[in-house]
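# Summary of structural features
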Amino acid sequence: MKSYIWSLPTRVFHWLFALLILLAFLTEDDDFLNYHALIGYAILILLGFRFFWGYLGPKYSKFKDFPMSIGEVKEFVANIFSSEQKYVGHNPLASYVMIAILAVSFLAVITGVLTLGIQEGKGVLSSLNSTFFKEMELFEEIHEFLSGVLIALIVMHLLGVLSDKLLHSKHKTLESIFNGYKVTKEQEGIKLNIFQKLIAALLLALLVAFLFFSLTASSNPLIASKYVPLDYRAQNELFVDECASCHTLYPPHTLPAKSWSILMADLQNHFGDDASIDETDNRNILDFLLKNSAENSTQEVSVKILNSIKNKDIIAITQTDFWKTKHGEIPKKVFAHENVKSRANCKACHSDIEKGLIEDEKIKNINAYM
């Protein structure tokens, strides 16, 4: 007989969770970092609901109804080919996989928030983007590891669904996540009380409000950067007048102090041109560059460039391994385009570079130069 096992809120959670996890993987590219982060926060809202639902929800959705004893696992494995049905809700193996998916997803979101704050200087933990934390890639590595684990768990879950479909198709387990009904020996059925309906309604309202705010707010503290556009002219007018008259005004934090010292000491041979200036002016600009060099910045690009250059005598960003790796897949014709003309013309794609910002989501689409 058919029994109502999975309530509508449980099924809605399942499909929203699956959709958001898929979107999270599809937005892993740096160009979609803000969307990736917002999806992570949405997943956190769903996980919050599932936590409470695991204690306050209906039978079979509660964690206490998950059969997870070692004895139950052994018995299930031993009788996995049996057509008899003992577990109306999750079976023992499915219970472990589901708990693992929820736990790993939670940890992935938390490490993602930490990574966003520490390395990008964005979001609610942007204050952690400090001198002490700036070179820490630990949380990013953990985040990526957990993402791999999550993929493995999802594959296990899908294999479990497939095997159940092949071995126990008469129970209609796969269909139950769509319509809520499974075929059982006895009438089991569940029914939500008013309190449970209220919890589900609150989750839906919270999720809708979050998505509306995220898509419409001009400034979202969950992904806002701690870095603001800089007025270099107000900081050092001479630096702007001398350095921006011929090429892109490169922010001081894009090169280490050693590179700036080498560059300013040989302006008469400045990439094929004589850019010599008065010694006093040279000293003025050099002091400004040294004060604001990559060593004194917590921006991700500064850390990456420092790690790339190390002790090499490099005076151009385009000569660094970091730049070559990041731009390695860009077709040569992009750099040859009449509006670009050179690999050194950073502002052709990085519209805010002359304001001290190099942010992934503000990179101009290279298709405009194709």
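Above this text sits the structure in question.
Reference entry: report on the structure contained in this document. (Residues numbered from 1 in each chain as written. Predicted model: local features only at pLDDT ≥ 70, side-chain atom pairs only at ≥ 80, totals over all residues. Heavy atoms only, no water.)

Let us now look at the packing of aromatic side chains. A complete count under the given rule lists 12 aromatic pairs for this structure. Seen in terms of ring centroids, Tyr232 and Phe239 are 5.8 Å apart; in terms of plane orientation they differ by 80°. Their pairing is edge-to-face. Of the residues examined, Phe239 reaches a relative accessible area of 2% and is grouped as buried. Its guanidinium or amino end placed over the ring of Tyr60, Lys59 lies 5.1 Å from that ring's centre, counting from NZ or CZ. (Phe/Tyr/Trp six-rings, centres within 6.5 Å; stacked < 30°, edge-to-face > 60°. Buried < 20%, exposed > 50% of the residue type's maximum accessible area, 1.4 Å probe, protein only. Lys NZ or Arg CZ within 6 Å of the ring centre and 35° of its normal.)

Side chains that are nonpolar tend, in soluble globular proteins, to be buried together. Core analysis: the largest hydrophobic core is formed by 38 residues, its most contacted members being Phe17, Ile43, Leu46, Ile101 and Phe210. Sorting the residues of this core by element identifies α1 (8–26), α2 (33–56), α4 (92–120), α5 (138–167) and α7 (194–216) as the ones contributing at least two each. Per element, the largest residue contribution to this core is 12 residues, and it comes from α2. Sequence-distant contacts of Phe210, that is, excluding residues within four places in its chain, are made with Leu38, Tyr41, Ala42, Ile45 and Leu222. Core analysis: the next-biggest nonpolar cluster, separate from the first, contains 29 residues, Phe239, Ile309, Ile314 and Phe335 among them. (Core = buried A, V, L, I, M, F, W, Y, C linked by side-chain atoms within 4.5 Å. Helix = DSSP H or I, 4+ residues; strand = E, 2+ residues; numbered from the N terminus. Contact = heavy atoms within 4.5 Å.)

Within the secondary structure, Thr254 sits in the loop between α9 (237–243) and α10 (257–264). Sequence spacing of Thr254 and Ser7 is 247 residues, and the spatial spacing of their C-alpha atoms is 55 Å. In this view, Thr254 contacts Trp260, Ile305, Ile317 and Ile358; residues no more than four positions away in its chain are not counted. Among the polar contacts made by the side chain of Thr254, one reaches the main-chain carbonyl oxygen of Pro251 at a distance of 2.6 Å. (Polar contact = N/O pair within 3.5 Å; in protein donor to acceptor, adjacent residues only side chain to side chain.)

On to α5. An ideal rise of 1.5 Å per residue puts 44 Å on 30 residues; α5 measures up with 43 Å between its terminal C-alpha atoms. The set of residues buried in α5 consists of His143, Leu146, Ser147, Leu150, Leu153 and Asp164. Looking at the packing, one finds that the buried side of α5 touches α1, α2, α4 and α6 (173–179). (Expected span 1.5 Å × (residues − 1).)

Another point: the side chain of Glu359. Position of Glu359 relative to the elements: it lies in the segment after α14 (332–336). Looking at Glu359, the relative accessible area reads 13%, which means it is buried. A polar contact is formed between the side chain of Glu359 and the side chain of Ser225, at a distance of 3.3 Å.

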